[in-house]
Amino acid sequence: GPLVIDSNNRLICIINNVIDPLKNSRICLIENNELTTIMDISSNLQNKIANNFNISCLTINSKDELFMCELMNDYESSFNGARILKYSYIDGLTIFTNDTSSENNNYQQGMPIFSRFNHPSSITIDKHDNLYLVEEMMHLLVKITPDKRVKTIAGQETPGNENGVFSIAKLN
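Keep in mind the model is a prediction, meaning the values are calculated, not measured.

Reading the values: the criteria
- Residues numbered from 1 in each chain as written.
- Predicted model: local features only at pLDDT ≥ 70, side-chain atom pairs only at ≥ 80, totals over all residues.
- Heavy atoms only, no water.
- Salt bridge = Lys/Arg side-chain N within 4 Å of Asp/Glu carboxyl O.
- Helix = DSSP H or I, 4+ residues; strand = E, 2+ residues; numbered from the N terminus.
- Buried < 20%, exposed > 50% of the residue type's maximum accessible area, 1.4 Å probe, protein only.
- Pairing = 2+ DSSP bridges.
- Axes fitted to C-alpha atoms, helices over the stretch in contact; angles between N-to-C directions.

> Sorry if this is basic, but what is going on with the pattern of salt bridges here?
Enumeration according to the criterion identifies 5 salt bridges in this entry. Notably, a salt bridge pairs Arg83 with Glu70, separated by 2.5 Å at the nearest N-O pair. Placement of Arg83 in strand E7 (residues 82-88) and of Glu70 in strand E6 (residues 66-71) is noted, with a sequence separation of 13 residues between them. With respect to class, Arg83 is no different from Glu70; both count as buried.

Okay, here's the thing in structure tokens:
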């Protein structure tokens, strides 16, 4: 699974257990040649979704808060919903963006209550705690502000490979 280094130079990784019927995922710390589970995501979110805890990507901010893209396959489809999770040592695991998982192609930008994701495939964070993610199936580059507002900043919902201003650029 994805991995990052925290401010104490420790390796943090996500272990997705695809063999387990619950498809559980764990946040783990690797230090001094030992693997330690920090949090079992599945047991904390078991009642939130039907059958998949697949963390596709991970980033970390200067406060050692983790942000993860979770793919949610409730309808036995490869791409049909996702959300962003946040983990901090203080607050534990929380759902950072809207908790949605219905149908395919359900990306929607805007205020936190309305925002939805389809298939984020990578995530990073800037020094102002703005998250940036690639909405892979929708061919978009997306920004999420600390107040959880979601905005498309590049690409269109059609594939391509065209440079230009963000509103006309096409991403594959």
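> Explanation requested: unusual backbone geometry in the structure shown.
Trans peptide bonds make up the majority, and among non-glycine residues the majority have a negative phi. Even without being a glycine, Asp129 presents a positive backbone phi close to 65 degrees. Along the chain, the position of Asp129 falls in the loop between strand E9 (120-125) and strand E10 (131-135).

> Is there a simple way to think about the sheet that holds strand E8 (residues 92-95) in this case?
By definition, the strands of a sheet pair up through backbone hydrogen bonds, in either a parallel or an antiparallel sense. Reading across the sheet, the 4 strands line up as E5-E6-E7-E8 and stay open at both edges, with antiparallel pairing between neighbours. Strands with a single pairing partner mark the edges of an open sheet, and in this sheet they are strand E5 (54-60) and E8. Strand-to-strand twist across the sheet, computed as the mean angle between neighbouring axes with direction ignored, equals 25 degrees.

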